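What follows is each chain in one-letter form.
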Amino acid sequence: MLDEGRRRAARGTDVVVAFVECHRRPHTEEMLDGLEILPRTVREYRGTALTEMDLDAVLARAPQVALVDELPHTNVPGGRHAKRWEDIDALLAAGIDVITTVNIQHLESLNDVVHKITGVPQRETVPDEVVRRAHQIELVDMPADALRRRMAHGNVYAPEKVDAALSHYFRVGNLTALRELALLWVAGRVDEALQKYRSEHGIGGVWETRERVVVALTGGPEGATLIRRAARIADRSAGGDLLAVHIARSDGLAEASPAALAKQRALVESLGGTFHSVVGDHVPSALLDFARAESATQLVMGTSRRGRLSHFVTGRGVGETTVEMSGDIDVHMVTHERAGRGRLLPTTTSSLSRVRRVAGPVTGLVLPIVLTVLLSHTRGTLNLTTDALLFLLAVMGVACIGGVVSALLASITASLLLNWFFIPPIHRFTIGETNNALALVVFAVAAVTVATIVDHSLRLSRRAANATAEAETLSSMAGSILRGEQGVDMLLQRTREAFGMESAELAHRTDVDAELAAAGGGQKADLVTAPVGPDDVLVLRGRRLAASERRVFVAFAGHVAAALERARLAEAAAEVEPVKAADRMRTALLAAVSHDLRTPIASGWAAISSLRSREVRFSDEDRDELLATAEESLVRLNRLVDNLLDMSRLQAGALTLNLQPTALAEVLPMALDTLPATRTPVVTRSIAETADILADPPLLERVIANLVANAVRHTPPGGKVLVSGSALGERVELRVIDQGPGLRPEDHDRIFEPFQRMGDTDNTTGLGLGLALSRGLTEAMGGTLTPEETPGGGLTMVVSLPAAGGSPVPHEPVGEGPGRLDAQDV
């Protein structure tokens, strides 16, 4: 960022440094020389003076370019905005160009992924949409080993912090994973820009920038074989994509069962691919249109399941036609165990194919001639009735193949041949005779009747196929909505794919009405709408829909409306959840108070009642013991009430903090003094050498006391509890280590739930608020409390707080490992 700023300034551009955090790195600070640096504003927060970018000063200065570091940063309360990226939006609105920095781990969409990889939660995030709006995104890439060498040379952290950083957050595995995430994210943005360019310039050809493999599924038993073959092809290219598509049609595809397609969908998604369903009248065209729309480079299809007779009658199948039309898309025809084992006769199609339209008339002429030659060689064996029936059968066969026109042609040819060669007098046309004329009429009527039945069957087949395809697509979409698998955006994408449109979007009814009115006549040929609510409509752009397609489109709109309603209900449920949680907390609190406060109250009451009794004379030892019991009960009661009050303040957000530089060496002894006597030794290490932290001393004392008491309670006899301190970047970590039974990884979060004892049967140990309260107090001070496994057995509780000399984030816990990295470093 600084290098670009210096380059533009040297070129005469008005550049200012609005905010840059160098983290005391000499090489970075040297790059500020020659650049105008605007003064920062100072804000008081919890007794500490913190500096922030002075937004008003930048707006008043009005430079051409402003350099603003750390895009996801949380601002100190008191300014215009809560986040720095909101400040940058204000600068952009004022016409000021901004160059900023952001690390890949701070993108909102990758938050959970980064947490799983590094084990460190990122509480400072920026929406991906904010970064996508950038005019230019530049990836600053560096191998993990090179970055670690920079750190070892002192170019990133001070020497005393290097070892801890290299062994924790900046391990080779972490850095390599973050680097791959950055490369893939930027590659995705580049792909979006490429698709936009191709769309704007009407480029339909395939650009093989990366492998995108489409596998065509019929829902047949060969689907799993094709999917795995396509996945292997996609895996051979780094970053390759796998897309499965099902064309809802009658040519063997519409007969697939929803259960088979559901299994194939699950297999595709388990292999990292995506499943799509498209309605198409012509399977090869619909398949290739989808492949080109997705910029596919390879297409995987199964060899035909049809038998030889089906190939002979109907000609080329879907696979052969697709290969011929594929152009620059590579087509893989994959054999499988079901190849050639399909139906003996093909299923009917929605209309006569080109092959049948040509073959019908040819067969109508050739077949009667061939039959005449065959019957001439058997003259005298068969009588005239048999010959006539065979000619009639031939005419019916031609009608099945070529329709009405071919049947009429065959009937005329057959009648003339039958008259000339087989009806006496032979070799003479005696059409004028009544019997011969009647034979010709019978031939014609039979041919037309059969052809009409065939056409009617084709129409019924077309309607059934369309209904099957529509029902299948709608069933798949409805199932996805019920399972909650797809949001509104994905449903819009599936709607666009299903109808082969250019775009699908939700729009306000008034906006659409205004657009239609501006178009003249209240309609546009490339715009189709359907209502999805009182004020919203679903809009498709691309072509005019047929009446049957419009009916399905209305059904799609109903599904989108259901998804919108589901989203609204989910939002309402989310708003109710805090109320339900508060009710659960209140119920648990009342149950815990009624049970756990009873013991100290009863013990103290009994001791004081005994001392007040005049009927019994106690010795000095007995009196001291009763007083000690009463005191212990009151101390326990006071601790329980304090925990309850602090937890209620945390829940209400009313806890008052007084953050100040605090030494662990001063707080730890006071925390240990509040603990009851125990035989488990508590050993400290590196506490005096640890840097001061920014914390509230009384609250930190409570946190340490609760953690040590919990460790002592779970450490077996003969064991010990270790308390150690260390510096990590701009933070300080305090570890409380026990040698107890430890916890399963899935229980690491449960131990921080209020009134949770994780199976403890000793109800005299408290309300189960200690760890919940400790985490709440730690996070209120801008820190984190996380459990780790102790090597050799046990549990380690890690308290991480900002160092007093660093630059802590006051509004939200930082939680990003050993300090914040500039984009120039990752």
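Remember, predicted model here, so these are calculated numbers, not experimental data.

### What about the pattern of salt bridges?
Here comes step 1: Under the criterion given, the structure shown has 16 salt bridges.
Here comes step 2: A salt bridge links Asp 14 to Arg 61, with the nearest nitrogen and oxygen atoms 2.8 Å apart. You can see Asp 14 sitting in the loop between helix H1 (2–10) and strand E1 (15–19) and its partner Arg 61 sitting in helix H3 (residues 55–61), a full 47 residues away along the chain.
Here comes step 3: Using a relative accessible area of 25% as the deciding quantity, one classes Asp 14 as partly exposed.
Here comes step 4: The residue Asp 56 makes a salt bridge to Arg 80 at a minimum N-O spacing of 2.5 Å. Taken together, the residues span a long stretch of sequence, with Asp 56 in helix H3 and Arg 80 in the loop between strand E5 (65–68) and helix H4 (84–93) at a distance of 24 residues.
Here comes step 5: The exposure class assigned to Asp 56 is partly exposed, which follows from its relative accessible area of 43%.
Here comes step 6: Its relative accessible area of 54% is what places Arg 80 among the exposed residues.

### What to know about the sheet that holds strand E14 (residues 536–541)
Here comes step 1: The strand order across the open sheet formed by 3 strands is E12-E14-E13, and the pairing between neighbours is antiparallel. Each end of this open sheet is capped by a strand with a single partner; those strands are strand E12 (503–508) and strand E13 (527–531). Sheet twist, expressed as the mean angle between neighbouring strand axes with direction ignored, is 25°.
Here comes step 2: Judged from the 6 bridges that link them, E12 and E14 form a sheet pairing that is antiparallel. Bridge pairing in E14 links Ala 504 to Leu 540.
Here comes step 3: The sheet contacts of helix H18 (residues 488–499) involve E12 and E14, and relative to E12 the element is tilted by about 130°.

### Remarks on the nonpolar core
For soluble globular proteins, nonpolar side chains are generally found buried alongside one another.
Here comes step 1: Residues Val 58 and Ile 104 are the most contacted members of the largest nonpolar core, which totals 38 residues.
Here comes step 2: Among the secondary structure elements, those contributing two or more residues to this core are E1, H3, E5, H4, helix H6 (128–132), helix H7 (144–152), helix H8 (159–167) and helix H9 (172–200).
Here comes step 3: Sorting elements by how many residues they give to this core places H9 first, with 6 residues.
Here comes step 4: Among residues more than four places away in sequence, those in contact with Ile 104 are Leu 110, Leu 178, Leu 181, Ala 182 and Trp 185.
Here comes step 5: The next biggest cluster of nonpolar side chains, apart from the first, holds 36 residues, and it includes Ile 687, Leu 700, Leu 773 and Met 797.

### Re the packing of helix H10 (residues 223–235) against helix H11 (residues 258–270)
Packed helices, taken two at a time, are described by the angle their axes make and the gap between the axes.
Here comes step 1: Close contact between H10 and H11 brings their axes to 10 Å; oriented N to C, the two are set at 15°. Viewed along their axes, H10 and H11 adopt a mutual orientation that is roughly parallel. Of the two elements, H10 crosses H11, and the hand of that crossing is right-handed. Each of Gly 223, Ala 224, Ile 227 and Arg 228 in H10 lies in contact with H11, whose residues at this interface are Gln 264, Leu 267 and Val 268.
Here comes step 2: Within the contact of H10 with H11, the residues separate by chemical class into 4 nonpolar, 2 polar and 1 charged.

### Considerations on H4
Here comes step 1: Where H4 is concerned, the buried positions are Arg 84, Trp 85, Asp 87, Ile 88 and Leu 91. The arc that holds the buried residues of H4, viewed along the axis, is 150°, so those residues lie on one side.
Here comes step 2: Positive phi appears at Gly 95, one or two residues downstream of H4, with a value of about 85°.

### Re the pairing of E13
Here comes step 1: Inspection of the sheet shows E13 paired to E14 by 5 bridges, in the antiparallel sense. Looking at E14, one finds that Pro 531 is bridged to Val 537.
Here comes step 2: The hairpin formed by E13 and E14 contains 4 residues between the paired strands.

### Observations regarding a nonpolar patch on the surface
Here comes step 1: On the surface, a cluster of nonpolar side chains totalling about 560 Å² of accessible area is made up of Val 358, Val 362, Leu 365, Val 366, Val 370, Leu 374 and Leu 409.
Here comes step 2: The element that contributes the greatest number of residues to the nonpolar patch is helix H15 (residues 354–377), accounting for 6 residues.
Here comes step 3: Along the polypeptide, Leu 365 turns up in helix H15.
Here comes step 4: Owing to a relative accessible area of 41%, Leu 365 belongs among the partly exposed residues under this scheme.

### What about the environment of Ile 137?
Here comes step 1: Locating Ile 137 in the fold gives a position in the loop between H6 and H7.
Here comes step 2: In this structure, the C-alpha to C-alpha distance between Ile 137 and Thr 100, residues 37 residues apart in sequence, is 10.0 Å.
Here comes step 3: Excluding anything up to four places from it in sequence, Ile 137 contacts Val 131, Trp 185 and Arg 189.

### Things to note about the packing of aromatic side chains
Here comes step 1: Within the structure shown, the criterion is met by 0 aromatic pairs.
Here comes step 2: The cationic tip of Arg 84 hangs over the ring face of Phe 19; the distance from NZ or CZ to the ring centre is 3.9 Å.

### Focus on the sheet that holds strand E7 (residues 212–217)
Here comes step 1: Strands sit in the order E9-E8-E7-E10-E11 across an open sheet of 5 strands; the sheet is parallel. Looking at which strands have only one partner, the edges of the open sheet turn out to be strand E9 (274–279) and strand E11 (330–334). If you compare each strand with its neighbour and ignore which way they point, the axes differ by 25° on average.
Here comes step 2: As paired elements, strand E10 (residues 298–302) and E11 share 5 bridges and run parallel to each other. The residue of E11 that forms the bridge with Leu 299 is Val 331.
Here comes step 3: The strands touched by H10 are E7, strand E8 (241–248), E10 and E11; relative to E7, the strand with the most contacts, the crossing angle is about 175°.
Here comes step 4: Lying over the sheet, helix H14 (residues 318–325) contacts E10 and E11, oriented at roughly 165° with respect to E10.

### Observations regarding the side chain of Thr 680
Here comes step 1: Looking at the element boundaries, Thr 680 is found in the loop between helix H23 (664–673) and strand E16 (682–685).
Here comes step 2: Given the relative accessible area of 12%, Thr 680 is considered buried.
Here comes step 3: Not counting chain neighbours up to four residues away, the residues in contact with Thr 680 comprise Val 712, Thr 715, Gly 719, Lys 720 and Val 721.

Criteria and cut-off values
Residues numbered from 1 in each chain as written. Predicted model: local features only at pLDDT ≥ 70, side-chain atom pairs only at ≥ 80, totals over all residues. Heavy atoms only, no water. Salt bridge = Lys/Arg side-chain N within 4 Å of Asp/Glu carboxyl O. Helix = DSSP H or I, 4+ residues; strand = E, 2+ residues; numbered from the N terminus. Buried < 20%, exposed > 50% of the residue type's maximum accessible area, 1.4 Å probe, protein only. Pairing = 2+ DSSP bridges. Axes fitted to C-alpha atoms, helices over the stretch in contact; angles between N-to-C directions. Contact = heavy atoms within 4.5 Å. Core = buried A, V, L, I, M, F, W, Y, C linked by side-chain atoms within 4.5 Å. Parallel < 35°, antiparallel > 145°, perpendicular 65-115°, else oblique. Left-handed = near helix turned anticlockwise from the far one by under 90°. Nonpolar A, V, L, I, M, F, W, Y, C, P; charged D, E, K, R; others polar. Arc of directions from axis to C-beta. Patch = residues over 30% accessible without salt bridge, like charges linked within 9 Å, V, L, I, M, F, W, Y side chains within 5 Å. Areas by Shrake-Rupley, 256 points an atom, 1.4 Å probe, with all protein chains shown as cover. Phe/Tyr/Trp six-rings, centres within 6.5 Å; stacked < 30°, edge-to-face > 60°. Lys NZ or Arg CZ within 6 Å of the ring centre and 35° of its normal.

Everything listed here is a matter of coordinates, which is why it stays silent on function.
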